[in-house]
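Coordinate analysis (summary)
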Amino acid sequence: MPDMLKHDVLVIGSLNADLVVRAPHFPQPGETISGDDLQIIPGGKGANQAVAAARQGASVAMLGHVGKDSFGPFLLDSLRSNSVDTTHVSADESATGTAIIVVDASGQNSIVLSAGANGKVTPKDIETLNIEAKVLFLQLEIPLETVIHAAKWGKQKAMIVILNPAPARELPDELIANVDFILPNETELSLLTGVPVTDISSTERAARVLLKRGAKNVIVTLGSKGALVVSSQQATHVEAYKVDVVDTTAAGDAFIGGFASALLRGVEVEAAAQYANACGALAATKFGAQPSLPTKEEVEKFIK
Ligand code: RIB
């Protein structure tokens, strides 16, 4: 048996080439509009979260699939240039995952995913992993069966399992019960629980549904309203930082990387969420997914 590779964070998830156009507004059905020049930017929730944690100083490994097209090496280069261990990112015959993104004048986005190779990540990939990590990041851009398997596997190995339930979908209790921190936004929380989420008190009510279903902690990202940290003992509203928003793409990924790296440094959950808010806010001030993710130094300077 080869030696176990030790990391702070293991990400099992997606890599996407983001095909991004900035436009004055989102097109209506049947409408054609003109936007700026197309930009191809490294993205994918899994890869973004890997880079987000690495830029915060964590040692990170990623498991995922790309295709044997030109986007594959492009995405691997971005991970490697951020010191993410890509030993377990394999190339297969599918196309690399892509995300078609429109960013409007207010910095909000609209995204259509084409899973490609991300759809080929299987439970078998996980069984052969020779990695030990303190924290496991999961999202929902790879098959659900694999995410469920990964959460159980991570729990058995005593990892802190962090699930970002995005893109939004309903989830089985067998997944939620193996998660230490679930981090939905308001839309995802509403879809997950069936509770309409309109304000802080309905957010807390919905979060408590997830606690009842077995999640240990729920952290709801609220965009410009900050975040709500809910555990069985308490609910704490963490205020947002005010910034000029350029593009919100990957702000949630920056939050997760920042949150986990703060936890790894021994910071308490609420304070880690506050730090993560700063990471998300900074990411929203820059265009694109991975290029917008802040370093630890940038976040510390911003907080000061
Ligand atoms: O979270 C942002 C990411 O969502 C983008 O990079 C895009 O690839 C989609 O997966």
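Above this text you will find the structure in question.
Bringing the nonpolar core into the picture now. If you look at the biggest cluster of nonpolar residues, it comprises 47 residues, and the most contacted ones within it are Val60, Met62, Leu79, Phe137, Ile162, Ile219 and Phe259. Broken down by element, the residue count for this core peaks at 9 residues, all from helix H9 (residues 269-284). Excluding residues within four positions of it along the chain, Ile162 makes contact with Val135, Leu136, Phe137, Leu138, Phe181, Leu183, Ile256, Phe259 and Ala260.

Our focus in this paragraph is the site of the ligand. In the vicinity of the ligand there are 14 residues, among which Asp18, Gly44, Lys45, Glu141 and Asp253 approach most closely. Note that an oxygen atom of the ligand is positioned 2.9 Å from one of the backbone N or O atoms of Gly44. In this structure, Asn48 approaches the ligand through a side-chain N or O atom, which is 3.0 Å from an oxygen atom. Its free accessible area being 280 Å², the ligand has 96% of it covered by the protein chains. Contributing elements (two or more residues each) for the shell around the ligand: strand S2 (16-22), helix H1 (45-55) and strand S7 (109-114).

The next subject is the pairing of strand S11 (residues 217-221). The buried fraction of S11 is high, at 5 of 5 residues. Pairing of strand S10 (residues 181-182) with S11, which is carried by 2 bridges, proceeds in the parallel orientation. Across the sheet, the residue bridging to Phe181 is Asn217, located in S11. Of the strand pairs in this sheet, S11 and strand S12 (residues 227-231) are connected by 5 bridges, and their pairing is antiparallel.

Turning next to the sheet that holds S7. Across the sheet, 4 strands lie side by side as S3-S2-S6-S7; this open sheet has mixed pairing. The outermost strands of the open sheet, each flanked by one partner alone, are strand S3 (39-43) and S7. Pairs of neighbouring strands in the sheet enclose a mean axial angle of 25°, with direction left out of account. Along the sheet face, helix H2 (residues 71-81) touches S2, S3 and strand S6 (97-103) and points at about 55° away from the line of S3.

Our focus in this paragraph is the environment of Val21. Looking at the secondary structure, you find Val21 in strand S2. Owing to a relative accessible area of 23%, Val21 belongs among the partly exposed residues under this scheme. In this structure, the C-alpha to C-alpha distance between Val21 and Gly35, residues 14 residues apart in sequence, is 6.0 Å. When near neighbours in sequence (up to four residues on either side) are disregarded, Val21 contacts Gly35, Asp36, Leu38, Ile101, Val102 and Val103.

Each value, and the rule that gives it
Residues numbered from 1 in each chain as written. Predicted model: local features only at pLDDT ≥ 70, side-chain atom pairs only at ≥ 80, totals over all residues. Heavy atoms only, no water. Core = buried A, V, L, I, M, F, W, Y, C linked by side-chain atoms within 4.5 Å. Buried < 20%, exposed > 50% of the residue type's maximum accessible area, 1.4 Å probe, protein only. Helix = DSSP H or I, 4+ residues; strand = E, 2+ residues; numbered from the N terminus. Contact = heavy atoms within 4.5 Å. Near = heavy atom within 4 Å. Polar contact = N/O pair within 3.5 Å; in protein donor to acceptor, adjacent residues only side chain to side chain. Areas by Shrake-Rupley, 256 points an atom, 1.4 Å probe, with all protein chains shown as cover. Pairing = 2+ DSSP bridges. Axes fitted to C-alpha atoms, helices over the stretch in contact; angles between N-to-C directions.

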